[in-house]
Amino acid sequence: MTSTTDSGSLDAYRIAEEPYYRPTGDEVALYEAAYAGRLPMMLKGPTGCGKTRFIEHMAWRLGRPLITVSCHEDMTASDLVGRYLLEPEGTVWHDGPLTRAVRFGAICYLDEIVEARQDTTVVIHSLTDDRRVLPLEKKNELVTAHPDFQLVISYNPGYQSVLKDLKESTKQRFCALDFRYPNAAIEVEIVAREAGLDPQQAAKVVRIAERSRNLRGHGLEEGASTRMLIHAGKLVARGVPLGEACEIALVLPITDDPDMRDALGHAIAASL
Amino acid sequence: MAEDSKPFLKLVSDEDSTTMQQDKGLQMLFPEPYMAPWLRACRRIEGAGYGEAVTRAYERHGIACAQAIGPDAAIDLADAVSAVAIKSGRKAAETLCEAAAMTARRLGELPRFRNWLSLMQRFAAMAPESAWVVLQRMKFLLGQLNVSALESWLLAGVRLAGGDSERRYAFFTMENPDAERWLLREAGDLVFADVERRMKAYLAALFGIRVPMVEPSASAPEASRRRSSFGAGIIRLPQSYPGYRGQRCEDVFRAALAHAGAHMTYGGPRYPIGQLKPLQVSLVSLIEDARVERLAMRDFPGLARLWLPFHIAQASGAETAPSLFARLSRALIDPDFHDPSAWVRKGREMFNDLGGELDNPAMSRHIGNLLGNDLGQMRVQFNAKTYVVEPPYRDDNMGLWDFGEENTVDEEVEVVLDSARLEQRDDQEPDREREEEEEEPQDDSESAPLARETLADQGIPVARYPEFDYQTGRERSEWTTVVEYDPPAGAPQLVPRILERHAALANRISGLIRSARVSRAQRLKRQPDGEALDLDACIEAAVSLRRGEMPDTRVYQRMERRQRDLAVQVVLDVSQSTADQVPGSGSTILDLEREATVLLAHAMAELGDPFAISAFCSNGREEVRYTRIKEFERSFATEAHARLAGLAPAYSTRMGAALRHAAADLQRQRSYRRLVLLLTDGEPSDVDCPERRYLIEDARRAIHGLAARGIDVFCVALGRGHEEALNRVFGRRNLLHIDRIERLPEKLPLLYMRLTA
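Quick summary incoming for the structure in this document. (Residues numbered from 1 in each chain as written. Chains lettered and ligands numbered in written order. Predicted model: local features only at pLDDT ≥ 70, side-chain atom pairs only at ≥ 80, totals over all residues.)

1. Looking at helix α18 (residues 321-333) of chain B
Given 3.6 residues per turn, any residue in an α-helix points the same way as the ones three and four places further on.
All names here are of chain B.
So, step 1. Given a rise of 1.5 Å per residue, 13 residues ought to cover 18 Å, and the 19 Å separating the end C-alpha atoms of α18 matches this to within 8%.
So, step 2. Taking burial as the measure, the 13 residues of α18 include 10 buried ones, the bulk of the element.
So, step 3. Buried residues of α18: Leu324, Phe325, Ala326, Arg327, Leu328, Ser329, Arg330, Ala331, Leu332 and Ile333, and no others.
So, step 4. Where the residues of α18 are buried, they touch α16 (278-299), α17 (303-307) and α19 (342-353). (Helix = DSSP H or I, 4+ residues; strand = E, 2+ residues; numbered from the N terminus. Expected span 1.5 Å × (residues − 1). Buried ≥ 20, exposed ≤ 12 C-beta atoms within 10 Å, placed from the backbone. Contact = placed C-beta atoms within 7 Å.)

Below, the structure is given as structure tokens:
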């Protein structure tokens with residue numbers, strides 16, 4: 001393990017190829033404006049609607065490295081900011097992903113922020129107001145953010161757990177973009193492009209997705225996401241019949257409830 | 001009118017020691033509009049001369065029916081008892097009462113119970129000698145069969161015997177082995193209830209339609225009981241389609257729902273019935289069926305595979321109206337079907353020619369009328385009374401037509417209209433007063449139980465509590481009187497209906513609770529002991545050691561399941577101000593409090609937390625009205641539902657006394673944590689307290705007192721305007737303002753879970 005104090009290591013986080021993203025509104029312009037002001041951003045929306053793809057696309061567009069951290073419930077503040085580790089020559093400080101982004105000017109994307117414990121999330125407070133500093137308590141250092149640094153979080157309201165929610169004081173530090181599943185025409189375009197499918201077939205897949213989204217909150221936690229549609233589309237593109245592709249990509253993953261499977265299965269059959 | 005009370009008095013005077021309780025119980029079972037009919041029914045049974053045993057059985061089991069599914073059941077039972085007594089004799093009538101009580105408990109809802117009752121009446125007429133045998137075995141039979149299967153089985157027995165009463169008797173005593181065989185067959189039949197959930201999901205998935213689905217009412221004509229029907233936000237489905245079994249049966253349900261869904265999605269407004277003849281009505285409906293199906297198949301081509309197999313009309317055969325209709329239906333949906341009939345061909349051509357106008361509902365009317373005229377000229381007879389729509393998955397077409405009159409408000413639409421009716425009942429004060437006047441003589445007829453009854457109506461003073469005067473800094477002992485009231489019982493169906501309306505939210509709550517309950521145990525880090533090392537803590541400890549510091553010895557972690565041990569008393573403010581409309585929602589504050597409470601109770605019951613619900617308002621210090629809606633040891637069931645539905649806004653908000661009284665109950669709960677959750681729309685106030693600060697300070701004092709006894713109080717304040725006062729009472733941390741009151745029902749359960757996590 002090497003000490004990560006050289007900025008060259010951020011090159012690994014640069015995105016060379018343009019990630020495909022199909023804007024559904026003016027979110028690209030809005031984000032660019034927010035970045036220009038280095039405003040912390042919150043991306044809201046259901047799973048698989050394109051939040052992560054969007055931030056990758058924006059990082060590429062702005063030419064900034066992107067450091068992504070997937071938050072989980074055991075994550076501690078030191079997992080973000082760094083810790084002392086033991087090495088043969090003594091204790092050595094290792095920057096965490098957040099500290100690295102702050103020091104060297106990356107976009108730091110904290111995915112599914114509510115999964116992290118609340119005491120963990122407060123470390124971002126000083127970075128998200130006009131101070132833009134990150135205190136490393138244990139190291140007794142105050143890191144001033146690089147001018148390129150920006151903090152972005154994703155946040156799925158609702159279906160994580162009511163017991164977990166962002167503190168009001170955290171929420172109020174962010175500007176937010178709300179992501180939805182794109183409207184049918186755009187979604188067809190996305191599925192066709194990503195799965196390499198002809199638009200007619202893609203349109204059928206999208207129509208089928210509509211069926212499962214109708215069941216949201218009535219037996220299903222969430223309808224089929226755009227990501228799932230792309231999966232189904234990829235299967236179809238490889239020669240799997242549409243019905244079966246939908247079954248394995250759209251129905252079986254989202255529910256184990258036999259009634260819901262039956263209902264969805266027949267609704268799909270009706271759409272074919 | 002005094003006579004009315006005879007059986008009733010007799011009933012209570014039988015057991016003197018418990019008269020008061022019974023009496024009160026009876027009032028609960030038969031709230032005001034029902035008491036008089038119930039008494040009349042008792043008198044009628046007694047007066048009919050079926051004998052003492054029948055009278056007693058009716059009274060006793062009628063009450064049991066009322067307990068199980070409400071007063072209507074008990075009152076309806078009287079007709080059935082009379083009918084059965086006349087046809088099959090006293091023994092059968094007596095057994096009917098007993099079986100009815102059992103059936104009411106088992107079926108658990110009025111419509112099915114009514115179906116059962118009407119079935120028993122019909123059966124007693126068909127097989128008088130066997131009625132009491134069957135009634136005796138009712139518990140066994142209903143254990144095997146639902147009501148519609150029971151009907152099939154009874155009919156099977158009647159048919160098999162072919163009018164021979166001895167053979168009938170042998171069948172129903174199960175001496176005939178055929179009885180057993182038929183029983184098994186009927187029991188295996190698929191009925192809608194078995195697949196209801198998946199069918200609802202199917203309709204929701206296809207068209208995004210979520211409506212209640214119920215059985216056709218027992219009073220509907222035979223023809224419409226065999227077909228589905230839709231209208232007024234409800235779909236009626238027969239419990240089964242005779243002749244279809246297993247998978248095929250599921251397909252009929254699915255086809256019927258897809259068809260009704262197509263009407264609801266692609267149909268236009270109802271056609272005015274005008275001067276149309278039954279023949280024309282049926283034809284226009286038929287064309288409209290084909291039109292919406294064609295539109296649905298444009299969006300969902302797969303539906304053709306679902307619907308087509310049911311079109312089995314053959315091109316040959318007599319040119320009668322039912323046959324021609326079925327053939328036309330098939331010709332319109334099945335391109336490969338060829339019919340020699342000129343009339344059918346003309347219908348299909350017209351329909352296809354107007355294909356461009358498929359989106360226009362007027363097209364159906366146009367074609368239907370023309371075809372109707374042709375049929376008239378062909379002198380084909382049409383009998384509207386015997387006509388049943390074919391194929392079976394299609395609906396009875398009642399939902400397509402506007403009959404002008406409000407004739408749809410029959411029993412059928414009851415489910416939908418109940419809530420409206422509930423409100424009407426509140427408004428019909430004059431009516432109620434008249435009924436009360438009628439009852440009045442009873443009260444005066446020196447009947448002690450009834451006198452006490454009236455007292456209960458006025459409320460029973462149960463406790464006196466001190467009140468705090470901030471100016472003297474002292475509590476004035478025994479200053480307020482809490483009077484407990486039974487609320488007038490409302491319609492208990494309100495609660496399931498609220499849950500239905502908020503199905504998505506209720507599901508979400510259940511899901512969250514389930515995942516919270518079965519979720520992985522929590523990992524506790526930095527523990528002084530435990531089954532695993534906490535790596536972070538170990539590294540830190542090692543680092544500290546190397547630095548020469550004192551390490552933190554808590555380097556273990558362990559998994560632990562957190563136990564909930566919590567009792568909650570929900571207290572609702574039902575002061576007059578809760579009658580205010582919430583702008584933009586069409587509901588009053590109380591309505592929303594009620595909805596929120598239902599969802600909250602749903603959440604608490606799922607969590608398994610013991611909870612109680614009560615409501616309060618006040619009319620001066622001598623009358624702090626307190627209503628127990630649900631007590632800790634009871635379940636949140638019909639009785640509590642009725643009480644919750646019956647709450648009405650009145651008077652003021654003397655919060656301190658109500659909280660002290662609520663705490664007295666909660667105090668007795670043996671839970672680690674005890675919580676009072678108060679829902680209010682204003683600050684403490686009362687008519688006899690002109691000084692605003694006095695009651696605010698008293699409420700604050702009451703909460704301090706509760707806190708000292710280990711009871712937490714949390715307040716949910718609805719609307720703005722009382723921040724200052726409520727902050728003073730509860731403290732900022734124990735108070736949540738909800739500005740958009742219309743969102744209360746969704747917020748409250750979530751708040752509760754967060755609060756108690």
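2. Structural notes on the interface of chain B and chain A
So, step 1. Between chain B and chain A, the contact holds 33 residues from the first and 30 residues from the second.
So, step 2. Elements with a contribution of two residues or more to the side of chain B that touches chain A: α13 (192-207), α15 (246-266), α17, α25 (503-518), α26 (535-547) and α32 (744-756) of chain B.
So, step 3. Of the residues belonging to the side of chain B that touches chain A, the class tally is 20 nonpolar, four polar and nine charged. (Nonpolar A, V, L, I, M, F, W, Y, C, P; charged D, E, K, R; others polar.)

3. Concerning the pairing of strand β7 (residues 141-144) of chain A
All names here are of chain A.
So, step 1. Sheet topology note: the strand β6 (residues 133-136)/β7 ladder contains four bridges and is antiparallel. Considered in β7, the bridge of Val133 is made with Thr144.
So, step 2. Turn length for the β6-β7 hairpin, with the two strands adjacent in sequence and antiparallel, is four residues, and the turn residue Asn140 shows positive phi of about 60°. (Pairing = 2+ DSSP bridges.)

4. Topic: the packing of α16(B) against helix α20 (residues 362-377) of chain B
Residue and element names in this part refer to chain B.
So, step 1. Relative orientation of the contacting elements α16 and α20 amounts to 135°, with a least axis distance of 8 Å. Considering their axes alone, α16 and α20 lie oblique with respect to each other. Our pair here, α16 against α20, has a crossing hand that is right-handed. Across the interface between the two elements, Leu279, Gln280, Leu283, Val284, Ile287, Glu288 and Arg291 of α16 pack against Met363, Ser364, Arg365, Ile367, Gly368, Asn369, Leu371, Gly372 and Leu375 of α20.
So, step 2. Of the residues assigned to the contact of α16 with α20, the class counts are eight nonpolar, five polar and three charged. (Axes fitted to C-alpha atoms, helices over the stretch in contact; angles between N-to-C directions. Parallel < 35°, antiparallel > 145°, perpendicular 65-115°, else oblique. Left-handed = near helix turned anticlockwise from the far one by under 90°.)

5. Overview of helix α10 (residues 147-161) of chain B
All names here are of chain B.
So, step 1. Given a rise of 1.5 Å per residue, 15 residues ought to cover 21 Å, and the 21 Å separating the end C-alpha atoms of α10 matches this to within 8%.
So, step 2. Turning to α10, its buried residues number three or more, namely Val147, Ser148, Ala149, Leu150, Trp153, Leu154, Gly157 and Ala161.
So, step 3. Looking one or two places after α10, you find Gly162, whose phi comes out positive at around 55°.

6. Quick look at the environment of B:Arg90
All names here are of chain B.
So, step 1. Mapped onto the elements, Arg90 comes out in helix α6 (residues 90-107).
So, step 2. For Arg90, a count of 17 C-beta atoms within 10 Å translates into the label partly exposed.
So, step 3. When the C-alpha positions of Arg90 and Tyr50 are compared, they lie 6.1 Å apart, and in sequence the two are 40 residues distant.
So, step 4. Apart from residues no more than four positions distant in its own chain, Arg90 is found in contact with Tyr50, Gly51, Ala53, Val54 and Ala85.

7. Concerning the sheet that holds strand β5 (residues 107-111) of chain A
Residues and elements named next belong to chain A.
So, step 1. Ordered in space as β2-β5-β8-β1-β9, the five strands form an open sheet in which the pairing is parallel. The sheet is open, and its two borders are formed by β2 (66-70) and β9 (175-178), each paired with just one other strand. Here the strands of the sheet are splayed against their neighbours by 20° on average, with no regard to which way each runs.
So, step 2. Helix α1 (residues 27-36) contacts β1 (41-44), β8 (150-155) and β9 of the sheet and is inclined by roughly 165° relative to β9.
So, step 3. The sheet contacts of helix α4 (residues 97-104) involve β2 and β5, and relative to β2 the element is tilted by about 160°.

8. Some thoughts on the sheet that holds strand β3 (residues 234-236) of chain B
Residues and elements named next belong to chain B.
So, step 1. If you trace the three strands from one edge of the open sheet to the other, you get β1-β3-β2, paired in mixed fashion. In the strand order of this sheet, the two ends are held by β1 (213-214) and β2 (229-231), each with one partner.
So, step 2. Pairing geometry for β1 and β3, over two bridges, is parallel. Counted as the bridge partner of Met213 is Ile235 from β3.

9. A short note on unusual backbone geometry
Residues and elements named next belong to chain B.
So, step 1. Across the junction of Glu390 and Pro391, the peptide omega takes the value -10°, indicating a cis bond.
So, step 2. For Pro391, the position within the fold is in the loop between α20 and β5 (401-402).
So, step 3. In this structure, Arg379 is a non-glycine residue whose phi angle is positive, near 55°.
So, step 4. By secondary structure assignment, the location of Arg379 is in the loop between α20 and β5.

10. Some remarks on the pairing of β5(A)
Residues and elements named next belong to chain A.
So, step 1. Counting buried positions along β5 yields four of five residues, so the element is predominantly enclosed.
So, step 2. As defined by bridge partners, β2 adjoins β5 across five bridges and the pair is classed as parallel. Looking at β5, one finds that Leu66 is bridged to Ile107.

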